[in-house]
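Next come the chains, spelled out residue by residue.
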Amino acid sequence: MRNDLLFWVWLNSLPKLSPRRKLLLLEYYRCPEAIWSAGREELRQGGLLTEEQLEPVVAPVWRQRAEEALRTINRMGIKTITMHDENYPVLLKKIYDPPVVLYMLGSFDREEKAVAVVGSRRASPYGRDTARNLAYDLARQGVTIVSGMARGVDSAAHRGAIEAGGRTVAVLGCGLDRAYPYENKELMKKIAGAGAVISEYIPGTPPLAQNFPARNRIISGLCLGTVVIEAGEKSGSLITADFSLDQGREVFAVPGNVGSKYSVGTNNLLKEGAKLVTGAADVLEELNLVQKFLKAEAEAKKTVNVLKGLDRWELELVKILEEEGSLHIDRIAARSGLSLNTVSSALTMLELKGLAEQLPGKVFRLRL
Amino acid sequence: MYSKVKSCGFMGIDGYIIEVEVDISNGVPGFEIVGLGDAAVKESKERVRAAVKNTGLEFPLKRITVNLAPANIKKEGSSLDLAIAVGLLKASGQMGEVDLEGYMFIGELSLDGEVKPVNGVLPMAICAAEKGLDSVILPQSNADEASVVKAIEVLPVKHISQVMAHFRGEKRIKSYSGDPNSIFNGRYEYDVDFADVKGQENVKRALEVAASGGHNLLMIGSPGAGKTMLARRLPTIIPALSFEEAIEVTKIHSIAGILPPGTPLVTQRPFRSPHHTISAVGLVGGGKYPKPGEISLAHNGVLFLDELPEFSRDALEVLRQPLEDGLVTISRVNVSLSYPANTTLVCAANPCKCGNFLDPDKECNCTPKEIQGYLGKLSGPLLDRIDIHIEVPSVRYRDLESEKKAESSEEIRKRVDRARKIQLERYKGLGIYSNGQLKASMLDRFCRLDQRGKELLRNAFERLGLSARAYSRILKVARTIADMEGTQCISPEHLAEAIQYRSLDRKYWRS
C-alpha cells in the first residue's frame, strides 16, 4: 500500500471545498501530505481558502473519517487512482475540475475510448430499447459505454454493453460500498466485471441529491461524447449534456415523438444543434471510429447464416418481427395467419435460439 | 306416554338420522330438550309451543322431555322443529295410533304453524333413502330439491295442520315428483359465452389448455384488461357435470343454504369469486358449527380469486392442502368431517401496485423493487400449485372493433371434451382424472420426453432462466397440449408452447 494514500483520501473527502479548489491547493502545496501537516496559520497565509473552508481542513473529524474509509477501501479491494498517478484517465484530467482521487472497482485504461449513454430514469420502452441496442452496437465496436447506473435508460445501456460482451463503466453518486438504486446490486457486480464502477466519493457516502450533478461531469469527462436518449424537460441527463459541451466533447441526441413528454429534452437538444443519432454508425462516424465499423457489417452477414437453421414458421415470424419491431403475440398470430399454439411454440424456439426475446406483456421482438 | 319420530342432521355433506324421542309425564309442567342442541334447537321449544296452540291443538301442561339421539353429537339449526312438534302431538295422543316408523320429518315452524324451508334437504333426503325410509315430509319450498332422490316419496306441506290431517286419515298429502332428467338436460345454459370476448386470443388458448387438463391458472394483467370476464367463462368450456357430480355440488350448496329457490339440482359448474377480505375459515370452511367454505362451494367448478396478492396470507396458505387433496378435512375433538373441494383455481393479479407494468401505452410508476415485492408476496408453495401463468394485456380499441367472430364456448368445449376423455381413459384406476392432478411420481411414466424434448427443456432452463419449480409444471401442461392434439408423445413443439405459459418464471419478474 502506498503510504500517502491516507492524505489523498482525506483531501478528496473534505467538504465545503470544490474539486477545483482542491486541485488548486494541490498545485500550491505539491502533495496532500503538505496540506495535512500545514497549520491553520500557514493555510491562511496561502490565501487559497476562506475562513469557512479552513475549518474542515484542520478539523480532526475528517482525518478520522479518512482513516475509517481507508480501512473499507482495503477491505473491499477498492482501487484508488490519484491525480498524480500514471493511469489517471487522460480525458478526465483535461476537464476544469477533475476529482483528485477516483475510487474504482474493476479496471479502466487511461486512454480508453468511451461514449456516455444517458437518459431519463423514467424511460418508455422505446427509450430503454434504443439505449440497449445502441450500447450493444457501440460495445461491439470496442467502445466503452459509460453511464450512471440509474433506472431506465442508464441500466438499459449498461445491460446492452454487457450483453454484447463489451466494456462498460458506471459512475456513481455515492460510495462504492453501496449500490444505488438498490435493485441494481447484481448489475453493479456485472459492471465491475465487465469494466469498472467508479466514484469520487469515499466509501460510506450516501447517495445525496447534490452528488449527482457533480457525478455527471465525470460521466461526460471520461468520454469522447455523450448520447442522450429520452430526457424530460428538466432531466438530469441534460446536465450531463451541458457538461459535455463545456468540456468540449460531442453531444448526441436520439429523437423522440414530438408529443412524447419523455423526449422534450432530447428534441430540444437537437434544435440547439446536437448531432442526431439513429444508430451506432452516427456516433462512430462523428468520433472518427469508422474503420472499426466495417467489422460490424461482417457480423451482420453472420446472422444471415443463423436464419438458415429455421423452419418455415420461424422464418415467417422473423419476417413479421423485422417489419414491426416489437409485437404482441396475438397480433403476430393475426399477421401470420397461424394458429396460436403454432405461434407460441415457434416463438419459444426463436427465444431458445437467441433470435427473439420476450418483453413484459407477451410482447416479442428480434434480437439479431 | 312416549313417541319416537325421525328427522335428520348432517355431518360434512352427508346426512345422519336423528331420532326425536318425546316423553310426557306428570309433574311440574315444563319443556326440556336434551341432546346437545345449539341455540336454534333450544329455541324450538317456543316455536313448537306457539305453533301447536295456534293450530287449534292442545299443548299438554305436563312435564315434556325431548331427546335428540344420538345424544353425543351436536345438533344445529331449526330443521328439527317439525319432528319435535309431531312427536309431541303423537305422545299426547292427539294423532291417534299411527305408525311413523317409515317417515322422516324436516322443517322449521313459524308461530302460526306454517312449515318453513330449511337448508340441506338434499343430503337429508338421500340419507332417508339410504336408511330405507319410505317417505319424507318436508316444507313445500324444498320439494324440488328432494324430488331428485327417486327412491323416496316426497310429501311437501305448507302447514302443520296438513300433517295432522294426513295421519288422522282426513286428507292425504299429495306426493310430489319432479323429473330429474328433464332438469338435468338444460344444463348448457350459461348466461356468458366465449363468443362475447373479442381479442385476447392467447389468453383464450391458455384457458382452453387449463380446462382441458384441469390446470390451475394465474392471470396477470392491468386493471380493465378483462381478467374477470375471461375467468367467468371458464366453466362454460369445462365438460358438463355428470349426474353424480351435480348431486355432490347440490348437496354442498344445499347445506350452505345458497341453493336458489326452485332449483332442484345445480346443473352448471359453480363459479365462486369471494372478495379478497375473506377469512381463512370462509375460504376453506370450518367454524363452531362447521360449514363448507368457498373452495367447497366451488367443488367441481371454478374458484376465482381476483386481486390475489390482496388476500390475507393466512387465507391463501390454508388453500394449499385442499388444492392438493381435493378435500377439506375439519377436525374437532369428537368429530372429524370432510367437504369435497375438487376445484379449478383461477387467480387474477395486477402486475404491480399501479397496475400498468405490462401496459405498452401507460406509464408504470412502480420501482423494480415494488414490482418484485407485489407478486413476491405470493408464497412459493401456493404458486407451486398453479401450472399456468398468463399475461393479460389491455385490449386496444381496434381489437374490440375487429370483425372476426370469436369462437363460441360450445365449439371450444367439444375440443376440451375430447382431451378430457383421453385423460380419463389413461388414468383409469389411478384415482386421478386429469393431467393437473398428476403426482410427481407419475411424471416419469406419463410425461416421457424424447431426446429432442429433453434437450429443448435443458436449453430453455439455461437460456430463459426458468426456475426449477417450473419443470414439472411444464411437463404436465405439455402433456395436456399433446392430449388436445390427440397424440401419444410429447413433442418439442408441445413443450415449447407450455414454456410460454410460465410468465412468472421469466427473468423480468425477478430482476
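Residues numbered from 1 in each chain as written. Chains lettered and ligands numbered in written order. Predicted model: local features only at pLDDT ≥ 70, side-chain atom pairs only at ≥ 80, totals over all residues.

Peer 1: What is the right way to look at the overall build of chain B in this model?
Peer 2: Looking only at helices and strands, one finds 22 helices and 18 strands in chain B. With the C-alpha coordinates of chain B rotated into their principal frame, the extents come out at 90 × 45 × 45 Å. Split into buried and exposed, the 511 residues of chain B put 48% on the buried side. Of the contacts formed within chain B by residues at least 6 apart in sequence, a portion of 75% connects residues at least 24 apart. (Helix = DSSP H or I, 4+ residues; strand = E, 2+ residues; numbered from the N terminus. Buried ≥ 20, exposed ≤ 12 C-beta atoms within 10 Å, placed from the backbone. Contact = placed C-beta atoms within 7 Å.)

Peer 1: Would you explain the overall build of chain A in this entry?
Peer 2: Helix and strand content of chain A: 18 helices and 12 strands. With the principal axes as the frame, chain A shows a C-alpha extent of 85 × 45 × 35 Å. The buried share among the 368 residues of chain A stands at 46%. Look at the contacts in chain A between residues 6 or more apart in sequence, and 69% of them connect residues 24 or more apart.

Peer 1: Can you help me understand the interface of chain B and chain A in this one?
Peer 2: Many authors give the size of an interface as the accessible area that is lost as the parts come together. On the side of chain A, 23 residues touch chain B, which itself brings 26 residues to the contact. Of all elements in the fold, only helix 7 (201-213), helix 14 (368-376), helix 19 (451-464) and helix 21 (492-500) of chain B reach the threshold of two or more residues within the side of chain B that touches chain A. Of the residues assigned to the side of chain B that touches chain A, the class counts are 12 nonpolar, five polar and nine charged. (Nonpolar A, V, L, I, M, F, W, Y, C, P; charged D, E, K, R; others polar.)

Peer 1: Could you clarify how one ought to interpret helix 21 of chain B in this entry?
Peer 2: In an α-helix, one turn spans 3.6 residues; hence positions three or four apart end up facing the same way. With nine of nine residues buried, helix 21 of chain B lies mostly within the body of the structure. Listed in full, the buried residues belonging to helix 21 of chain B are B:P492, B:E493, B:H494, B:L495, B:A496, B:E497, B:A498, B:I499 and B:Q500. Elements that come into contact with the buried residues of helix 21 of chain B comprise helix 18 (340-352) of chain A together with helix 19 and helix 20 (470-485) of chain B.

Peer 1: What should I look at first to understand unusual backbone geometry in this one?
Peer 2: Of all residues except glycine, most have a negative phi; of all peptide bonds, most are trans. The step from A:Y180 to A:P181 runs through a cis peptide bond, and the omega angle for that step is -5°. With respect to the helices and strands, the residue A:P181 is situated in the loop between strand 5 (168-171) and helix 10 (185-193). A cis amide bond links B:A69 with the next residue in sequence, B:P70, at an omega value of 0°. Positive phi, close to 60°, is recorded for A:M149, a residue that is not glycine. For A:M149, the position within the fold is in the loop between strand 4 (144-147) and helix 9 (153-163). Positive phi, close to 65°, is recorded for B:N300, a residue that is not glycine. Exposure remark for B:N300: the 23 C-beta atoms within 10 Å place this residue in the buried category.

Peer 1: Sorry if this is basic, but what is going on with the domain arrangement of chain B here?
Peer 2: Residues and elements named next belong to chain B. Taken domain by domain, chain B holds domain 1 (2-178), domain 2 (194-409) and domain 3 (438-511). On a C-alpha basis, the centroid separation for the pair domain 2 and domain 3 is 23 Å. Contacts between domain 2 and domain 3 engage 15 residues on the former and 14 residues on the latter. Listing elements by their share of the side of domain 2 that touches domain 3, those giving two or more residues are helix 7, helix 14 and strand 18 (388-392). Taken together, the residues of the side of domain 2 that touches domain 3 sort by class into seven nonpolar, five polar and three charged. (Domains from an automatic or database assignment.)

Peer 1: I keep staring at the domain arrangement of chain A and nothing clicks. Help me out?
Peer 2: What the domain assignment lists for chain A is domain 1 (1-74), domain 2 (114-294) and domain 3 (309-366). Using only C-alpha atoms to locate each centre, domain 2 of chain A and domain 3 of chain A end up separated by 31 Å.

Peer 1: What is the right way to read the nonpolar core from this model?
Peer 2: Looking at soluble globular proteins, one finds that nonpolar side chains tend to be buried together. In this structure, B:A85, B:I106, B:A125, B:V136, B:A146 and B:A478 are the most contacted members of the largest nonpolar core, which totals 153 residues. If near-sequence neighbours (up to four positions away) are discounted, B:V136 is found in contact with B:M104, B:I106, B:A125, B:A128, B:A146, B:I152, B:V154 and B:L155. In this structure, A:W8, A:L17, A:V228 and A:L284 belong to the second largest nonpolar core, which totals 83 residues. (Core = buried A, V, L, I, M, F, W, Y, C linked by C-beta atoms within 7 Å.)

Peer 1: Please clarify how helix 1 (residues 39-54) of chain B should be interpreted in this entry.
Peer 2: Residue and element names in this part refer to chain B. Taking 1.5 Å of rise per residue, 16 residues should cover 22 Å, and helix 1 covers 23 Å from first to last C-alpha, within 8% of that figure. K45 marks where helix 1 bends most, by close to 30°. Residues V41, S44, R47, V48, A51 and V52 constitute the buried set of helix 1. Residues of helix 1 that are buried sit in contact with strand 3 (30-34), helix 2 (81-91), strand 6 (108-109) and helix 5 (160-168). At the C-terminal side of helix 1, G56 shows a positive phi close to 85°. (Expected span 1.5 Å × (residues − 1). Bend = angle between axes of the 7 residues up to and from the residue.)

Peer 1: I would appreciate a short explanation of the sheet that holds strand 11 (residues 271-272) of chain B in the present structure.
Peer 2: Within a beta sheet, neighbouring strands are joined by backbone hydrogen bonds and run either parallel or antiparallel to one another. Residue and element names in this part refer to chain B. Here we have five strands laid out as an open sheet, ordered 11-14-17-10-18, and parallel in their pairing. Looking at the sheet topology across the chains shown, the edges are occupied by strand 11 and strand 18. Note: strand 10 (residues 217-221) against strand 18, five bridges, orientation parallel. Within the sheet, the bridge partner assigned to M219 lies in strand 18 and is I390. (Pairing = 2+ DSSP bridges.)

Peer 1: In this structure, what is going on with the pairing of strand 15 (residues 327-331) of chain B? I would like to understand it.
Peer 2: Both faces of the sheet carry side chains from a regular strand, because those side chains alternate between them. Residues and elements named next belong to chain B. Pairing of strand 15 with strand 16 (residues 336-340), which is carried by five bridges, proceeds in the antiparallel orientation. Considered in strand 16, the bridge of S331 is made with S336. Here strand 15 hands over to strand 16 after four residues, the two strands then running antiparallel side by side.

Peer 1: Got a minute to help me understand the pairing of strand 6 (residues 195-199) of chain A in this structure?
Peer 2: Residue and element names in this part refer to chain A. The buried count for strand 6 comes to five of five residues, which makes it a mostly enclosed element. Relative to strand 6, strand 2 (residues 101-106) runs antiparallel, the two sharing four bridges. The partner of M104 across the bridge, within strand 6, is I198. With four bridges joining them, strand 5 and strand 6 adopt parallel strand pairing. From the neighbouring strand, T168 faces strand 6, where its bridge partner is G195. Each parallel crossover has a hand, and for strand 5 linked through helix 10 to strand 6 it is right-handed. (Right-handed = clockwise from strand over helix to strand, strands pointing away.)

Peer 1: Help me out: how do you make sense of the sheet that holds strand 6 of chain A in this one?
Peer 2: Residues and elements named next belong to chain A. One open sheet holds the nine strands; their spatial order is 1-2-6-5-4-3-7-8-9, and the pairing between them is mixed. This sheet does not close on itself; its edge strands, each paired only once, are strand 1 (79-82) and strand 9 (275-276). Looking at chain direction, strand 8 (residues 250-254) and strand 9 are connected through two bridges and run parallel. By the bridge assignment, F252 is partnered in strand 9 with K275. Sheet strands touched by helix 10: strand 2, strand 5 and strand 6. Its angle to strand 6, the strand with the most contacts, is close to 115°. Against the sheet, helix 13 (residues 264-271) makes contact with strand 7 (225-229), strand 8 and strand 9, and its axis sits at roughly 130° relative to strand 8, the strand it touches most. (Axes fitted to C-alpha atoms, helices over the stretch in contact; angles between N-to-C directions.)

Peer 1: Explanation requested: the confidence of the model for chain B in the structure shown.
Peer 2: When pLDDT is averaged across chain B, the result is 87; 95% of the residues are at 70 or more. The ipTM for the predicted assembly is 0.75, set against a pTM of 0.75. (pLDDT = per-residue confidence, 0-100.)

Peer 1: Honestly, the packing of helix 8 (residues 125-140) of chain A against helix 9 of chain A in this entry has me stumped. Any pointers?
Peer 2: Each packed pair of helices is defined by two parameters, the angle between the axes and the distance between the axes. Residues and elements named next belong to chain A. Two numbers describe how helix 8 lies on helix 9: the axes approach to 7 Å, and their chain directions differ by 35°. Once helix 8 is placed against helix 9, the crossing between them reads as right-handed. Judged by residue contacts, G127, R128, A131, R132, N133, A135, Y136 and A139 of helix 8 engage V153, A156, A157, R159, G160, A161 and E163 from helix 9. Of the residues in the contact of helix 8 with helix 9, the class split is eight nonpolar, three polar and four charged. (Left-handed = near helix turned anticlockwise from the far one by under 90°.)

Peer 1: Sorry if this is basic, but what is going on with the environment of B:E58 here?
Peer 2: Residues and elements named next belong to chain B. Turning to its location among the elements, E58 is positioned in the loop between helix 1 and strand 4 (63-69). Under the C-beta neighbour-count criterion, E58 is labelled exposed, with 12 such atoms within 10 Å. With 36 residues separating them in the primary sequence, E58 and Q94 have C-alpha atoms 8.0 Å apart.

Peer 1: Hey, could you run me through the packing of helix 16 (residues 312-324) of chain A against helix 18 of chain A in this one?
Peer 2: Residues and elements named next belong to chain A. Where helix 16 contacts helix 18, the two axes come as close as 9 Å, and the packing angle between them is 80°. In terms of orientation, helix 16 and helix 18 fall into the roughly perpendicular class. On helix 18, the residues that touch W313, E314, L317 and V318 of helix 16 are T342, A346, L347, M349 and L350. Taken together, the residues that form the contact of helix 16 with helix 18 break down as seven nonpolar, one polar and one charged. (Parallel < 35°, antiparallel > 145°, perpendicular 65-115°, else oblique.)

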